[in-house]
Amino acid sequence: MTRVVQVPASFDDRTFDQFAEACGSWPPDVRLLIDARQAQWVSPYALVGLLTTGQALADAGCPQPLFTAPQSDDVKRYLARTGFFSHAEGLLEVHGKIPKAASGPTDALLDIRAIRAMKDVHDAVRGISDNATRILVEQLGIESKETYGFGMALSEACQNIVEHAGTAGWVAVQSYTWRRRLGRRVVVIAVSDSGVGFRHSLEASHARQYGERWGDGAAIEAALIQNVSRFRDPGRGQGLAYIKRFVHQWNGKISIRSGTARLSIVPDWDDDEPLAEHLPFFPGAQVQITIPAPGAAAS
Amino acid sequence: MIQTIRLHHLLRESPSGESRCLVTRPTGAAVRNSIERALESSSCATVFLDFTEVDLLDLSCADEVVAKLLLGASSGACYVVLCNLRPDQVEAVDHVLRHHHLAVAAVPCGDGASADLLGWADEDTRAAFGSVVSTGPTTAVLLAAELNWAYDRAERALTTLATRRLARAEHGAFYPLPFQ
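Just so you know, these numbers come straight off a predicted model, no measurement behind them.

Asks: Outline the environment of Cys21 of chain B, listing residues and values.
Replies: Relative to the helices and strands, Cys21 of chain B is located in strand E2 (residues 21-22). Separated by 80 residues in the primary sequence, Cys21 of chain B and His101 of chain B have C-alpha atoms spaced 26 Å apart. The contacts of Cys21 of chain B, once residues within four sequence positions are left out, are His122, Val125 and Arg126 of chain A together with Asp55 and Leu56 of chain B.

As structure tokens, this is what we get:
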């Protein structure tokens with residue numbers, strides 16, 4: 001038996017729940033066919049989410065899912081340029097003609113990177129510093145001295161994978177224009193892993209305090225709002241605290257999805273709900289940090 | 001005597017190798033261990049931790065390098081001064097030290113940058129630190145007169161500075177740390 005999982009035509013953080021719902025109960029008892037043929041737009045968040053699906057299925061001992069590539073040449077080229085198809089090798093059985101990855105200047109601050117160990121965090125931080133300053137300064141109008149914050153936020157977000165997930169994850173950073181949602185350019189840091197998730201990671205140390213409220217939503221709240229950590233080291237929990245401050249400084253947005261819940265710190269330019277619970281289950285944790293150009297008009 | 005430890009050099013010897021970024025806890029722990037080894041074999045009263053050529057400092061690493069160094073026993077025998085930090089690095093260190101209720105003296109990078117107190121300290125301690133740094137050695141009597149404080153208040157603030165190794169106490173006088 002094979003279940004067809006339709007990739008939304010515009011696949012991003014807003015439509016990710018549709019995708020999770022289409023995956024069905026977890027782990028699936030049938031092989032998945034992820035049908036991306038109709039996809040017209042795939043955000044970095046969705047790309048790392050797709051890779052996470054393949055990793056989570058492999059971790060659960062499920063058959064490798066089939067993946068039909070988008071029909072749109074533009075979308076296929078974009079996926080190839082971000083390194084999606086090479087990262088998908090061994091995780092997704094890709095069908096369809098795949099273009100060679102293009103080289104040359106790109107608006108990606110950081111193509112997709114696998115995060116498995118602290119060394120990968122160093123590589124990601126080094127990778128972003130090569131191209132990021134130019135893009136952040138030229139496209140978002142951010143002063144060059146302010147760009148270090150992006151590297152710090154990226155580093156802290158990636159370290160969470162290594163320290164809490166217990167398995168591999170991915171990160172991608174992209175700059176593009178949100179015409180309909182914001183009318184401005186934004187930088188998006190997308191991080192996803194197929195690990196144990198926030199609830200499981202914090203359960204032993206914090207579930208009792210929350211009593212009956214304990215669940216995926218309470219666990220994300222504990223980490224993001226209360227800055228708690230599963231480690232007893234009193235210095236822990238500052239990474240997400242920094243990211244929160246960085247996001248606030250730039251009037252940005254952070255959204256964390258884990259298990260069946262999503263918690264967001266929502267700026268005035270967005271209408272997302274701060275806490276969404278009882279969502280379709282999806283393994284691990286997915287983080288999106290969105291930083292808009294400061295007050296600039298769309299280019 | 002002052003010992004200068006260039007963090008960039010320690011970073012090259014850490015598992016992160018050629019990276020100029022002080023990021024991740026394991027890297028921070030490796031750098032801190034190197035600092036602690038250097039302090040154990042040092043007879044210097046003051047150590048400068050020099051951030052020159054350090055490209056990026058994240059909070060996890062700042063916590064491992066600076067906060068845990070100050071919490072550990074090895075730094076208790078000497079005065080620690082951070083130097084040549086960029087504004088983003090000042091911010092990272094300040095954040096982690098406030099979290100632990102710690103403080104350290106620092107000289108940011110740039111010509112004419114003056115010594116500052118990073119981390120957690122009450123207003124009186126900050127005012128006393130600023131006075132010692134700008135006017136030089138002082139006593140509780142002099143500080144009380146300068147800031148128009150009661151003697152007890154001035155003495156308490158200066159004693160706090162000395163206890164937290166933000167100024168040096170000797171025979172009833174309080175001296176600024178050497179900053180260059």
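Asks: Hey, could you go over the domain arrangement of chain A for me, with residue numbers and the actual values?
Replies: Residue and element names in this part refer to chain A. Domain boundaries assigned for chain A yield domain 1 (1-99) and domain 2 (106-299). Inter-centroid distance (C-alpha atoms) of domain 1 to domain 2 is 21 Å. Within the residue set of the side of domain 1 that touches domain 2, elements represented by two or more residues are helix H1 (16-23), helix H2 (44-59), helix H3 (73-82) and helix H4 (84-88). A total of 10 residues in the side of domain 1 that touches domain 2 trace back to one element, the largest contributor, which is H2. Per-class residue counts for the side of domain 1 that touches domain 2 are nine nonpolar, seven polar and five charged.

Asks: Tell me about the domain arrangement of chain B, residues and numbers included.
Replies: Residues and elements named next belong to chain B. Domain boundaries assigned for chain B yield domain 1 (2-119) and domain 2 (123-175). For domain 1 and domain 2, the distance between their C-alpha centroids amounts to 25 Å. If you look at the interface, domain 1 gives six residues, while domain 2 gives seven residues.

Asks: A description of the interface of chain A and chain B should follow, citing residues and the corresponding values.
Replies: Taken together, the contact pairs 19 residues of chain A with 21 residues of chain B. When contributions to the side of chain A that touches chain B are tallied by element, the ones reaching two or more residues are helix H5 (118-140), helix H6 (148-165) and helix H9 (238-249) of chain A. By residue class, the composition of the side of chain A that touches chain B is seven nonpolar, nine polar and three charged.

Asks: Explain the environment of Pro108 of chain B to me, using residue names and the numbers behind them.
Replies: Residues and elements named next belong to chain B. Here Pro108 shows up in strand E6 (residues 103-108). The sequence separation of Pro108 and Gly76 amounts to 32 residues, and the corresponding C-alpha distance is 23 Å. In contact with Pro108, not counting residues within four places along its chain, are Leu85, Pro87, Val90, Ala113 and Asp116.

Asks: Lay out the sheet that holds strand E5 (residues 79-85) of chain B in plain terms, naming residues and giving numbers.
Replies: Within a beta sheet, neighbouring strands are joined by backbone hydrogen bonds and run either parallel or antiparallel to one another. Residue and element names in this part refer to chain B. Taken in spatial order, the five strands make up an open sheet running E1-E3-E5-E6-E7, and their pairing is mixed. Each edge of the open sheet carries a strand with a single partner, namely strand E1 (2-6) and strand E7 (116-119). Averaged over all pairs of adjacent strands, the angle between their axes in this sheet comes to 35°, without regard to strand direction. Sheet analysis places E5 next to E6, joined by four bridges and oriented parallel. The residue bridging Leu85 from the neighbouring strand is Pro108, located in E6.

How each quantity is defined
Residues numbered from 1 in each chain as written. Chains lettered and ligands numbered in written order. Predicted model: local features only at pLDDT ≥ 70, side-chain atom pairs only at ≥ 80, totals over all residues. Helix = DSSP H or I, 4+ residues; strand = E, 2+ residues; numbered from the N terminus. Contact = placed C-beta atoms within 7 Å. Domains from an automatic or database assignment. Nonpolar A, V, L, I, M, F, W, Y, C, P; charged D, E, K, R; others polar. Pairing = 2+ DSSP bridges. Axes fitted to C-alpha atoms, helices over the stretch in contact; angles between N-to-C directions.

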